[in-house]
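# Per-entry structural report
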Amino acid sequence: MNAEMDLVDFAVDQARSKGATYAEARYEKQDPENFILKNGVLDALYVGHDQGIGVRVLVNGALGFAATNSLSKDGVRAIVGDAIKIAKASRRKTKITFAQEDSIAMNWSVPEKKKLADVSVEEKIAEIQGVDRDVTQLGFKIAARFFNLSDNRIRKFFANSEGSRIESYSPRLRVFYFLTVVEGAGVEQTSRNYGWSGGWEGISSWGLSDRVVEEARSMHRSLTEGKKSPEGKMDLVAGSQVAGIASHESCGHPTEADRVLGREAAQAGKSFIPPDGLGMRVGSELVNVVDDPTIEHAIAYYLTDDEGVKARRRYLYKEGRVTEFLQNRETAAALGTHSNGASRAVNYNVEAIVRMANTFVEPKDHTLEELLEDVKFGVYMKSFMEWNIDDKRYNAKYAGREAYLIEDGEVKHPVRNTIVELTTPAFWSAVDAVGKDLDFEAGFCGKSDPGQALDASMGGPPIRLRNVHLR
Amino acid sequence: MEDVASRIVDKAMALGCQDAVADVVENRSYQIRFARNEAVISNQWRESNASVFVVHGKRVVASDIRDLSKTDEAVERLVKIAKTSQANPDYAGIAKGPFRYARTRPDPKVLALHEGGKYVEAAVGGALDQGAKECAGSFWKYEDEHFLATSNGAEGHDHRASLYLSIRALVSLESSGHGIACASKLSQFQPEKAGQKAGRIATLARTPKPAKAGRYTVLFDPLIFGSLTDQVGGRLSAWAVLAGLSPFGKKVGKRVASPQLTLYDDGSADSIARKRFDAEGVPTRRNLLVNKGILKTYLHNTSTAKKFKTKTTGNAGLVAPDSHAVFVKPGDRSRDEIFSEVKDGLWLTNTWYTRYQSYVTGDLSTIPRDGIFHIRNGEVVEAWKDIRVTDNLLHLMKNIVALGNETEQMMWWGEVSVPNFVPYALIKDVGITTSNQ
């Protein structure tokens, strides 16, 4: 038994003794470390040691949550009192209930070949400086560049009043970079994000230097050889990065059950999919979109969620139809089903809500060459820069960063700022072939109030869309 | 807690640091989130931490120390890490104190408030009275207390408290409106008015029609204009300029907006984010950023100021400068007058998801949400839906043709990240696009 689990148990016992019909407590200790290398200069190093405990209670059908970083019994007693008091003050007319789930006793951790804690600051800085050096030796002007390397070690202790007791450990590593390439009056910018659950060995899994150099070269080529993107209806081959963002934005978000039920209406919005929308057609029969927290080394890897429910793979869209919502225990009860382990919080001091993990288009059988060779005239949009989508997740825009004209199955010159501005059904219904090479990028997914920017990843193979309108 | 801040700074200096800053913060905020017209969860925080910044041989390390009973160990660890880090040649120190700070005090009635249910009910009631069917949002009582000490002699205490309510009212999925209430004094807090506005817009936005893409004269409601001015404030951070994240690079002294626009940043003025000092302990003050369309300065801390050969504006964050609160000087049009100037255009009430294709050029798009209205001769003709503003930040600012004569304090969930005091704004030639399929 350890002191953290003792405290968590104490919090749950306190809450039950004070009248909570359900109580859970989550202790988290996070050790983040990150730095920004801006134009070759180390801006600042950030080193955190964050820990605290959050308690959520259900009293008279209302939820109260309170958090503290005072890790004494008095501190915990105080927040339990807060949570009970504010829940009682809620005066809800309809009672919140939780779906019944199995209680779990579990201890899981993500293995690290080389522990993040054992990697010196010098080694981390040297790694990124090496990439920065490579990209500055390309012989053209990179007007601004910054790299952000961040890692975090997250240890959690969870218990609830139904007997679940879970301990977990997740080390995470992430690199974000942003480049500005200038040629004459032209400017190209890019940002990319790679993530990993595991130890320092993740840094070599990305081939970071090669990727950054290739990206910078493609930016310069866009500026020197890029032409206006064609307008009108044509075929589009969307690269992995584009397939990934589309799966996150127009498949993952609209299937979040809390959004479907209106709990996020004032912030991240609602969904074009109604609560009875399972089975609704949103794409061609080739479209399978999956959210899976159990992919090893993906940045949003976990085996139990922050309500103590076992994680599993979820088919959000299958054969072009909505098949499953992402659920926590509250939404599952409201919709008469079970949680599928999608409840997560960014830290101890915020409630867990419905979140995506690693969302992607399920690969099929085409190589990229096969996708391209059957295109008479169109655009291969390998990556994007600007993107957005409305708050019901129906109207999305992806603006090309690296894109090329396709003629008679061959990739020609770069085209600049290709715009895909389509509704969700129009995008996914146009898919007529799906590639086989799956790739992921990391991202931060924003939701909730207070805002919770949470680790997520998104990906897919390249996909081909027929006869869509591009600008 | 002053002792804790001073102890951290003293310890860092004793270990050979050239500069040190500690801001010990006690957070006692309280929130109710509501949806479907009632509370979905209430949140209470009891947290304390020290935001710490130490510099050893120009090696800069920032941290948050959560366990305030073990600050010596934490500082020792930080200094040890700093020694293994790399020098930042652009680092130019922190401001020299001591400073005198304004004697601001939080409203005792806000401090004494421990239950927000009636404000939620007032907002929801206001929206339902206007015809809304479903409301969601959040009520906040923000309260935090800062104890700051720096190795350059700054020492400050700042107790901050304010009230905030955000409400979205819906008649249907596609007919909605949003309202905001912000106040640092309880007597000025108007949640019901925010609810009424949200409900009124939602009702007016019933049965929206598909939009027509094109270029329009657009009347921006304060909430959405606040999203744009928040972009301006954020992109005026000197750090953003240096990182290639701003369209304002090399534009000090040049025209960046229409002569109608005068805009300043002021952390010292009354707002829900009023603060006495920045992260270096420099007293916050009013900084004119854009005067009649001409860019006057970026937002600076001591280091960025030195790089730009100027002085700090008192906008230091722990590492990078940022805006505290953005104020737009009101124009001369009443609400009726500014509406009447729209002969054939749009009235937009809110937006989200502002993203750039190029931060350097300012090319961006943002997606209006809630009421979108087609206006002819100052009157709403019909509600529209599913549009995107596809334009350029500088182009939008340069095309401001009129501003309303009253400002409202706006802050909202990421899009308006700090308080923006903004009027109605009439902007010509705004690009509107729609989904092509």
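The helix and strand inventory of chain A stands at 10 helices and 26 strands. Reported as C-alpha extents along the three principal axes, the dimensions of chain A are approximately 70 × 55 × 35 Å. The buried share among the 471 residues of chain A stands at 59%. Counted over contacts in chain A with a minimum sequence separation of 6, partners at least 24 positions apart contribute 74%.

With that settled, the discussion passes to the overall build of chain B. For chain B, the helix and strand inventory stands at 10 helices and 23 strands. In terms of overall size, chain B behaves like a compact globule, its C-alpha atoms giving a radius of gyration of 23 Å where 437 residues would be expected to give roughly 22 Å. C-alpha atoms of chain B, sized along the principal axes, occupy 70 × 50 × 40 Å. Taken across its 437 residues, chain B has 63% of its residues classed as buried. Considering only intrachain contacts with a sequence separation of at least 6, the fraction spanning at least 24 residues in chain B is 74%.

A few words now on the environment of E225(A). Residue and element names in this part refer to chain A. With respect to the secondary-structure elements, E225 resides in helix 5 (residues 208-225). Judged by C-beta crowding, with 13 C-beta atoms within 10 Å, E225 ranks as partly exposed. Put simply, E225 and R416 are 191 residues apart on the chain and 9.5 Å apart in space, counted from C-alpha to C-alpha. Each residue touching E225, except ones within four places of it in the same chain, is listed here: H413 and P414.

The figure often quoted for interface size is the accessible area lost as the parts come together. Residue and element names in this part refer to chain B. Examined at the domain level, chain B breaks down into domain 1 (2-204) and domain 2 (209-433). On a C-alpha basis, the centres of domain 1 and domain 2 stand 22 Å from each other. At the interface, 35 residues of domain 1 touch 35 residues of domain 2. Every element with two or more residues in the side of domain 1 that touches domain 2 is listed here: strand 1 (19-27), strand 3 (38-56), strand 5 (134-150), strand 6 (155-172), strand 7 (175-183) and helix 5 (191-204). It is strand 6 that provides the largest number of residues to the side of domain 1 that touches domain 2, a total of 6 residues. Tallied by class, residues from the side of domain 1 that touches domain 2 come to 18 nonpolar, 12 polar and 5 charged.

All names here are of chain B. Pairing in this open sheet of 6 strands is mixed, and the strands run 12-11-10-13-22-21 from one edge to the other. Pairing within the sheet leaves two strands with one partner each, and these edge strands are strand 12 (294-295) and strand 21 (408-412). Across 4 bridges, the pairing between strand 10 (residues 263-266) and strand 11 (residues 286-291) is antiparallel. Along strand 11, the bridge assignment pairs D265 with N287. With respect to the sheet, helix 6 (residues 222-235) is in contact with strand 10, strand 13 (326-328), strand 21 and strand 22 (416-422), its orientation differing from that of strand 22 by roughly 115 degrees.

So, about the interface of chain A and chain B. Chain A puts 73 residues into the contact, and the matching count from chain B is 65 residues. Among the elements that line the side of chain A that touches chain B, the one with the most residues is strand 3 (residues 41-59) of chain A, at 12 residues. Among the residues making up the side of chain A that touches chain B, the classes are represented as 33 nonpolar, 22 polar and 18 charged. Across 5 bridges, strand 3 of chain A lies against strand 4 (residues 59-65) of chain B in parallel orientation. By the bridge assignment for strand 4 of chain B, Y46(A) is matched with A62(B).

What follows concerns helix 1 (residues 2-14) of chain B. All names here are of chain B. Helix length check: helix 1, at 13 residues, gives a terminal C-alpha distance of 18 Å against a target of 18 Å (1.5 Å per residue), a fit within 8%. The secondary structure elements touched by the buried residues of helix 1 are strand 1, strand 3, helix 2 (71-84) and strand 5. Backbone geometry just after helix 1 places G16 at a positive phi near 100 degrees.

Here we take up the nonpolar core. Judged by nonpolar contacts, the single largest core of 294 residues is most densely connected at V55(A), A83(A) and V54(B). The element that contributes the greatest number of residues to this core is strand 3 of chain A, accounting for 10 residues.

What follows covers the domain arrangement of chain A. Residues and elements named next belong to chain A. Entries for chain A in the domain assignment read domain 1 (3-225) and domain 2 (228-470). Contact residues are listed per partner, giving 43 residues for domain 1 and 34 residues for domain 2. In terms of residue count, the dominant contributor to the side of domain 1 that touches domain 2 is strand 8 (residues 186-197) (8 residues). A class-by-class count of the residues in the side of domain 1 that touches domain 2 yields 15 nonpolar, 17 polar and 11 charged.

For any two helices packed against each other, the geometry is given by the interaxial angle and the distance between the axes. Residues and elements named next belong to chain A. Between helix 3 (residues 121-135) and helix 5, whose axes approach to 9 Å, the crossing angle comes to 30 degrees. One finds that helix 3 runs roughly parallel with respect to helix 5. Relative to helix 5, helix 3 is oriented so that their crossing is right-handed. Mapping the contact onto sequence places G130, V131, D134 and V135 in helix 3 and L208, S209, V212, V213 and A216 in helix 5. A per-class count over the contact of helix 3 with helix 5 returns 6 nonpolar, 2 polar and 1 charged.

Once that is clear, we can look at the sheet that holds strand 25 (residues 454-460) of chain A. Residue and element names in this part refer to chain A. The strand order 13-12-11-16-25-24 describes an open sheet built from 6 strands, whose pairing is mixed. With one partner strand each, in any of the chains shown, strand 13 (321-322) and strand 24 (439-445) form the two edges of the open sheet. Bridge count between strand 12 (residues 314-318) and strand 13: 2 bridges; the pairing is antiparallel. If you follow K318 over to strand 13, its bridge partner there is R321. Most of the contacts of helix 6 (residues 240-252) go to strand 25, to which it runs at about 120 degrees, and overall it touches strand 11 (289-291), strand 12, strand 16 (358-361), strand 24 and strand 25.

Taken residue by residue, chain B gives an average pLDDT of 97. The fraction at 70 or more is 100%. What the predictor reports for the complex is a pTM of 0.97 with an ipTM of 0.96.

Residues and elements named next belong to chain A. Look at helix 1 (residues 3-17) against helix 2 (residues 73-88): their axes get within 9 Å of each other, and the N-to-C directions meet at 40 degrees. By the angle class used here, helix 1 and helix 2 are oblique. For the pair helix 1 and helix 2, the crossing hand works out as right-handed. Mapping the contact onto sequence places L7, F10, A11, Q14 and A15 in helix 1 and K73, V76, R77, V80, A83 and I84 in helix 2. Per-class residue counts for the contact of helix 1 with helix 2 are 8 nonpolar, 1 polar and 2 charged.

With omega at 5 degrees, the peptide bond leading from D449(A) into P450(A) counts as cis. Look at the link from G97(B) to P98(B): it is a cis peptide, with omega at -5 degrees. If you trace the backbone, P98(B) turns up in the loop between helix 2 and helix 3 (108-111). Even without being glycine, R36(B) reaches a positive phi, approximately 50 degrees. Taking the number of C-beta atoms within 10 Å as the measure of exposure, R36(B) has 18 and is therefore partly exposed. The phi dihedral of K58(B) falls on the positive side, at around 65 degrees, and the residue is not glycine. Looking at the element boundaries, K58(B) is found in the loop between strand 3 and strand 4. Residue class for K58(B) comes out partly exposed when judged on the 18 C-beta atoms lying within 10 Å of it.

Cut-offs applied
Residues numbered from 1 in each chain as written. Chains lettered and ligands numbered in written order. Predicted model: local features only at pLDDT ≥ 70, side-chain atom pairs only at ≥ 80, totals over all residues. Helix = DSSP H or I, 4+ residues; strand = E, 2+ residues; numbered from the N terminus. Buried ≥ 20, exposed ≤ 12 C-beta atoms within 10 Å, placed from the backbone. Contact = placed C-beta atoms within 7 Å. Rg over C-alpha atoms; globule rule 2.2 N^0.38 Å. Domains from an automatic or database assignment. Nonpolar A, V, L, I, M, F, W, Y, C, P; charged D, E, K, R; others polar. Pairing = 2+ DSSP bridges. Axes fitted to C-alpha atoms, helices over the stretch in contact; angles between N-to-C directions. Expected span 1.5 Å × (residues − 1). Core = buried A, V, L, I, M, F, W, Y, C linked by C-beta atoms within 7 Å. Parallel < 35°, antiparallel > 145°, perpendicular 65-115°, else oblique. Left-handed = near helix turned anticlockwise from the far one by under 90°. pLDDT = per-residue confidence, 0-100.

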